[in-house]
Amino acid sequence: MILHRCSASASIQSAAGPSSSIDTTSYSTKLMVHLDIPSALTDRAQRSLHHSYAKYKAFLAAIPILEMKWEKGELPYQRKPTNEQVIETIQSKSFWYEYIRKYFPRVAGYSEMVAWLENAEGAPSDFEVWGVEKTQYGFVDLEVWLRNEGKGLVLEEKSSKARGKEKALEGEKLTKAQREGEREKGEEE
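Bear in mind the structure is a predicted one, so any value in this text is a computation, not a measurement.

About the cut-offs
Residues numbered from 1 in each chain as written. Predicted model: local features only at pLDDT ≥ 70, side-chain atom pairs only at ≥ 80, totals over all residues. Heavy atoms only, no water. Core = buried A, V, L, I, M, F, W, Y, C linked by side-chain atoms within 4.5 Å. Buried < 20%, exposed > 50% of the residue type's maximum accessible area, 1.4 Å probe, protein only. Helix = DSSP H or I, 4+ residues; strand = E, 2+ residues; numbered from the N terminus. Contact = heavy atoms within 4.5 Å. pLDDT = per-residue confidence, 0-100. Phe/Tyr/Trp six-rings, centres within 6.5 Å; stacked < 30°, edge-to-face > 60°. Salt bridge = Lys/Arg side-chain N within 4 Å of Asp/Glu carboxyl O. Axes fitted to C-alpha atoms, helices over the stretch in contact; angles between N-to-C directions. Parallel < 35°, antiparallel > 145°, perpendicular 65-115°, else oblique. Left-handed = near helix turned anticlockwise from the far one by under 90°. Nonpolar A, V, L, I, M, F, W, Y, C, P; charged D, E, K, R; others polar.

*Asks:* So what about the nonpolar core? Which residues, and what values?
*Replies:* Judged by nonpolar contacts, the single largest core of 39 residues is most densely connected at Ile37, Leu49, Val86, Phe104, Met113, Trp130 and Leu142. The set of elements that each furnish at least two residues to this core consists of helix 1 (27-34), helix 2 (49-71), helix 3 (83-90), helix 4 (93-107), helix 5 (111-117), helix 6 (126-130) and helix 7 (139-147). In terms of residue count, helix 2 provides more of this core than any other element does, eight residues in total. What Leu142 contacts, discounting residues up to four positions off in sequence, is Leu49, Tyr103, Phe104, Val107, Met113 and Trp130.

Below you can see the structure in the form of structure tokens.
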């Protein structure tokens, strides 16, 4: 647990006396306020690519703010908050490292995808970016899209079908070769 100058919970005295206290603000909430992270990004159930990318961008913006405010002594903590603590204000570390950090840095080289993720004005349509239209896109789709070097999902679907056909044909060839080998053995005996 991190010790800090400012208590993670504030006690409010009520008419009932000093034993009555209410936790009004958590460490994460205070940290978000200090780092200008929008509270809307705390929704961990929302895992759309757009929302997850907004979390990624907020994290990237928060780290320089953290550095600056720490150097100026503007944060009320005895120890500097870590990157992981900043991450935990908006997302679980496991989801962050398994998906967000794994894919979004790779997207930076694709301006069309960045515009789509940011819902930018004039952003390309779903079809222009993905090559197909779906009701929702997830990290599995993004992984395929990146593997196709930004050329959409269609190529991957075709290539997996083609690979399946190739395997089936190879299986037929092996079966024919095995049959011919067995036939030849039978003739030799």
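*Asks:* For the confidence of the model for the chain, give the residues involved together with the corresponding values.
*Replies:* Should pLDDT be low for a region, the predicted coordinates there are not to be read in detail. Of the residues in the chain, 68% reach a pLDDT of 70 or more, and the chain-wide mean stands at 79. Per-residue pLDDT, averaged within each element of the chain, yields its smallest value for helix 8 (residues 154-188) (55) and its largest for helix 2 (96). In this model, residues 1-24 is a region of pLDDT below 50 whose contacts with residues beyond four sequence positions or in other chains number 34 contacts.

*Asks:* Tell me what's going on with the packing of aromatic side chains, and back it up with residues and numbers.
*Replies:* Enumeration according to the criterion identifies 16 aromatic pairs in this entry. Measuring from centroid to centroid gives 5.8 Å for Phe95 and Phe139, while their planes differ by 80°, and the two rings are edge-to-face. Of the two residues, Phe95 is situated in helix 4 and Phe139 in helix 7; the sequence distance between them amounts to 44 residues. Phe139 gets classed as buried once you look at its relative accessible area, which sits at 7%. Between the aromatic rings of Trp116 and Tyr137, the centroid separation amounts to 5.5 Å while the plane-to-plane angle is 90°, which identifies the pairing as edge-to-face. In this pair, Trp116 is assigned in helix 5 and Tyr137 in the loop between helix 6 and helix 7, connecting sequence segments 21 residues apart. On the basis of relative accessible area, Trp116 is assigned to the buried category, the value being 5%.

*Asks:* Residues and numbers for the pattern of salt bridges, please.
*Replies:* Scanning the model with the defined rule gives four salt bridges in all. One salt bridge connects Asp141 with Lys134, and the closest N-O pair in it is separated by 2.8 Å. Accessibility expressed as a relative area gives 12% for Asp141, which makes it buried. In this structure, Glu143 and Arg147 form a salt bridge, with 4.0 Å as the shortest nitrogen-oxygen distance. Residue Glu143 and its partner Arg147 are both found in helix 7; the two are separated by four residues, about one turn of the helix.

*Asks:* Go over the packing of helix 2 against helix 3, please, and point to the residues and values.
*Replies:* Axis separation between helix 2 and helix 3 bottoms out at 10 Å; the angle between their running directions is 140°. Classified by the interaxial angle, the pair formed by helix 2 and helix 3 is oblique. Classified by chirality, the crossing of helix 3 by helix 2 is right-handed. Of the residues in helix 3, those touching helix 2 at Lys55, Phe59, Ala62, Ile63 and Leu66 are Asn83, Val86, Ile87 and Ile90. When the residues that make up the contact of helix 2 with helix 3 are grouped by side-chain class, the tally is seven nonpolar, one polar and one charged.

*Asks:* Which residues make up the environment of Val132, and what values do they have?
*Replies:* Note on placement: Val132 falls in the loop between helix 6 and helix 7. As a C-alpha pair, Val132 and Gly152 span 20 residues in sequence and 7.5 Å in three-dimensional space. Sequence-distant contacts of Val132, defined by excluding residues within four places in its chain, comprise Asp126, Phe127, Tyr137, Leu153 and Val154.

*Asks:* Now, about the packing of helix 4 against helix 7: what can you tell me, with residues and values included?
*Replies:* At a minimum axis separation of 11 Å, helix 4 and helix 7 run at an interaxial angle of 35°. Considering the relative orientation of helix 4 and helix 7, their crossing is left-handed. Contacts from Phe95, Tyr99, Ile100, Tyr103, Phe104, Arg106 and Val107 of helix 4 reach helix 7 at Phe139, Leu142, Glu143 and Leu146. Considered class by class, the residues forming the contact of helix 4 with helix 7 number nine nonpolar, no polar and two charged.

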